[in-house]
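# Understanding the architecture of this molecule
So you can see what is in the structure, the chains are spelled out below.
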Amino acid sequence: MTNSIAEIGGAKTILAVGTNTTAAHPIIALQMKNAVRNGAKLVVINPKEVDLCQHAHLFLQNRPGTDIPLLMAMARVIIEEGLYDAAFVEQRCEGYAEFEQSLYDFSLTEVAELSGVAEEKIVAAARLYAKNTPSSILYCMGITQHVHGTRNVLAIANLAMLTGNIGKPSSGVNPLRGQNNVQGACDMGSLPDVFPGYQKVADMTARLKFEQAWNVSLNPVPGLTHTEIFDGLYSGRIRSLYLIGENPVLSEANASHAIEAMKRCEFMVVQDIFLSETAELADVVLPAASFAEKDGTFTNTERRVQRVRKAISSEEEIKPDWWITAELARRLGGKGFDYTVPAEIFEEMAPLVPSYSGISYKRLDQGGIQWPCPDEKHGGTLFLHKDRFATASGRGRFTALNSPETAEKVDDEFPLVLTTDRSLFHFHGTMTRRVFGLNVLSKAEKLIMHPDDAALYHIEDGEKVRVVSRRAAVEVEVRISADCKPGIVSMSFHFSETPTNMLTCGEVDPIAKTPTTKVCAVRIEKIKSVEVH
């Protein structure tokens, strides 16, 4: 997030795009609801009428995959009505002329027809976001999990820069991270092309710094992304896999491809706190400690680094992730892994990562600190880009965009669009499905279907049907609801008994390599009952 969670309460307009916040990020949703109670205006853009819509002043229910034209049409309204922040654009940004020219491809009439959102709603949302400031944008995987996910994010950034709603309190572009330490994992280099602190492996200066610190020679070639690894396993290019805290049997798009890839793997190790569906495929399972059984730090979605302290003791064979990794390295002959406590790892990392350089366990004992924090006297950073952007020029770059094609199109054989969502009661299902109370609240998958579609297919509420995509088929019970528009159906992906991601599309964003799970063409088949004589 460019801004802090607490700042949401100070926003006068909140634009929530592709996020079911009350289900996926309920604590942040509380901040949004409090802001609305205090007079803020909430605009929700989502293909599904999520719970957040009850608190919204405007709800734009767009068709899945139409976020770019919708956001670009809003930008065009803002420019044509003279609502953009001309001084901010002139002083802080670049690439505006080309961006403005690209907006002529997004007429209100055409965008309304494409997205399914009425022209007057697009205009009202644009005016509210531009005029009732400060305005904050929050988004989640409804934006990123598309074949054009990176461009979706750039469209959001365009809107924020155009109105000067970035680099200021209670504004910004705020992606909501899925798990509590996703931000921290990325910060520490759990990406194929960067060292800790997002320092590029291909950058000679950055590489030399880490080589000298670690006394090793480092490969300048970026590694493979998550989805590319499964492709490599499938083709035989990759022969072994070490998988930590991941359950792709449930969570991976086009899961049948991932499962077959793992079955082809010559040697597979899974490190996890439970024997997950994926762990059952492994040759070796390494039992890891849960968050309550170890010391360390988490960095949350607002860039806040916080201490984690061991609360309970684990059984002897269960070890923290850092210990397992270091022990494997030592047994393989690696040098420099003689850590005794996680604080020693943090002390080694911080001087190498400018945004963490001023953070220490001693300081964290007094409370969390938001990076960047360049030195010990720095108090942390509430919001980013106050004076300059993280570009070579220091200016924010506008991006000219076109209206993209979706990864999958409906046709006569697959006439409906399936989009995926999360439940309040489950995350992926690896952990939460083991909690009795949560299974009482949400014990089985449901297919959300509009009453018009249910009537068209002669389906009754509670009936079990077969959902068929171009990749697989699953059986699921139907819940008839107007939450989805006609032609759109929705499922979550928490239940191994109904593996939704067997259906979803494996096409990826060409830049981020994020899979397309939000647009999947399907058909619904009735299940014939078998008479017993």
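Before reading further, recall that the structure is shown in the block above.
Residues numbered from 1 in each chain as written. Predicted model: local features only at pLDDT ≥ 70, side-chain atom pairs only at ≥ 80, totals over all residues. Heavy atoms only, no water.

A separate point is the packing of aromatic side chains. A full pass over the atoms with the stated rule returns nine aromatic pairs. The interplanar angle of 85° and the centroid separation of 6.4 Å between the aromatic rings of Phe88 and Phe389 together place this pair among those described as edge-to-face. With Phe88 in helix α4 (residues 86–92) and Phe389 in the loop between β14 (369–370) and β15 (396–397), this pair connects stretches of sequence that are 301 residues apart. Taken as a pair, Phe88 and Phe389 share a single burial class, namely buried. (Phe/Tyr/Trp six-rings, centres within 6.5 Å; stacked < 30°, edge-to-face > 60°. Helix = DSSP H or I, 4+ residues; strand = E, 2+ residues; numbered from the N terminus. Buried < 20%, exposed > 50% of the residue type's maximum accessible area, 1.4 Å probe, protein only.)

Overall, antiparallel pairing links the three strands, which are arranged β12-β13-β14 in an open sheet. Of all the strands in the sheet, the pair left with one neighbour each is β12 (296–299) and β14. Sheet topology note: the β12/strand β13 (residues 304–308) ladder contains four bridges and is antiparallel. Residue Thr297 lies in a different strand from β13, and its bridge partner there is Arg307. (Pairing = 2+ DSSP bridges.)

Moving on to the state of the cysteines. As used in these notes, a disulfide is a covalent bond between sulfur atoms, one from each of two cysteines. Under the definition given, this model contains zero disulfides. Here Cys186 stays free of any disulfide, with the sulfur of Cys140 as its closest cysteine sulfur at 13 Å. The class of Cys186 is buried, set by a relative accessible area of 11%. (Disulfide = S-S within 2.5 Å.)

The subject of this paragraph is the packing of helix α12 (residues 226–235) against helix α14 (residues 255–264). The geometry of α12 relative to α14 is characterised by a closest axis approach of 8 Å and an angle of 55° between their N-to-C directions. Relative to α14, the element α12 is oriented oblique. At the point where α12 passes α14, the crossing takes the left-handed sense. Note on element contacts: α14 touches α12 through His257, Ala258, Glu260, Ala261, Met262 and Arg264, opposite Phe230, Asp231, Leu233 and Tyr234. Tallied by class, residues from the contact of α12 with α14 come to six nonpolar, one polar and three charged. (Axes fitted to C-alpha atoms, helices over the stretch in contact; angles between N-to-C directions. Parallel < 35°, antiparallel > 145°, perpendicular 65-115°, else oblique. Left-handed = near helix turned anticlockwise from the far one by under 90°. Contact = heavy atoms within 4.5 Å. Nonpolar A, V, L, I, M, F, W, Y, C, P; charged D, E, K, R; others polar.)

Read around the barrel, six strands follow the order β16-β20-β17-β19-β18-β21 and close on themselves; strand pairing throughout is mixed. Neighbouring strand axes in the sheet, compared pairwise and without regard to direction, differ in orientation by 45° on average. Of the strand pairs in this sheet, strand β16 (residues 416–420) and strand β21 (residues 520–526) are connected by three bridges, and their pairing is antiparallel. The residue of β21 that forms the bridge with Leu418 is Cys520.

Take a nonpolar patch on the surface next. On the surface, Tyr242, Ile244, Leu328 and Leu332 cluster together into a nonpolar patch covering about 400 Å² of accessible area. Residue placement: Leu328 occurs in helix α15 (residues 321–331). (Patch = residues over 30% accessible without salt bridge, like charges linked within 9 Å, V, L, I, M, F, W, Y side chains within 5 Å. Areas by Shrake-Rupley, 256 points an atom, 1.4 Å probe, with all protein chains shown as cover. Salt bridge = Lys/Arg side-chain N within 4 Å of Asp/Glu carboxyl O.)

The subject of this paragraph is the environment of Lys319. Tracing the chain through its elements places Lys319 in the loop between β13 and α15. A sequence separation of 32 residues divides Lys319 from Pro287, and the C-alpha atoms of the two residues are 6.8 Å apart. Residues contacting Lys319, with those up to four places away along its chain left out, are Pro287, Ala288, Ala289 and Ile324.

One recurring pattern in soluble globular proteins: nonpolar side chains tend to sit buried together. Ranked by size, the top nonpolar core spans 46 residues in total, and within it Leu15, Met74, Phe99 and Leu159 carry the most contacts. A total of 10 residues in this core trace back to one element, the largest contributor, which is helix α3 (residues 67–80). Ignoring any residue separated from it by four or fewer positions in sequence, one finds Phe99 in contact with Met72, Ala75, Ile79, Asn158, Leu162, Phe398, Thr399 and Ala400. Membership of the second largest hydrophobic core comes to 20 residues, among which are Ile28, Val36, Leu42 and Leu176. (Core = buried A, V, L, I, M, F, W, Y, C linked by side-chain atoms within 4.5 Å.)

Within the element layout of this structure, Thr163 appears in the loop between α9 (149–162) and β6 (173–175). A distance of 3.3 Å separates a polar side-chain atom of Thr163 from the backbone oxygen of Ala160. Once residues lying within four places of it in the same chain are set aside, the contact partners of Thr163 are Ile78, Asp85, Tyr129 and Ala130. (Polar contact = N/O pair within 3.5 Å; in protein donor to acceptor, adjacent residues only side chain to side chain.)

So, about the pairing of strand β20 (residues 488–491). Side chains on a regular strand alternate between the two faces of the sheet. By the alternation rule, side chains of β20 split into Ile488 and Ser490 and Val489 and Met491, which are all buried. Here β16 pairs with β20 via four bridges, running parallel. Considered in β20, the bridge of Leu418 is made with Val489. Of the pairings in the sheet, the one linking strand β17 (residues 446–449) to β20 comprises two bridges and is antiparallel in character. Bridged to Ile448 within β20 is Ser490.

Attention now moves to the packing of α3 against helix α7 (residues 119–131). Two elements in contact, α3 and α7, have axes separated by 9 Å at closest approach and are oriented at 65°. Pair α3 / α7 crosses with right-handed handedness. Contacts between α3 and α7 involve Leu70, Ala73, Met74, Val77 and Ile78 from the first element and Ile122, Val123, Ala125, Ala126, Tyr129 and Ala130 from the second.

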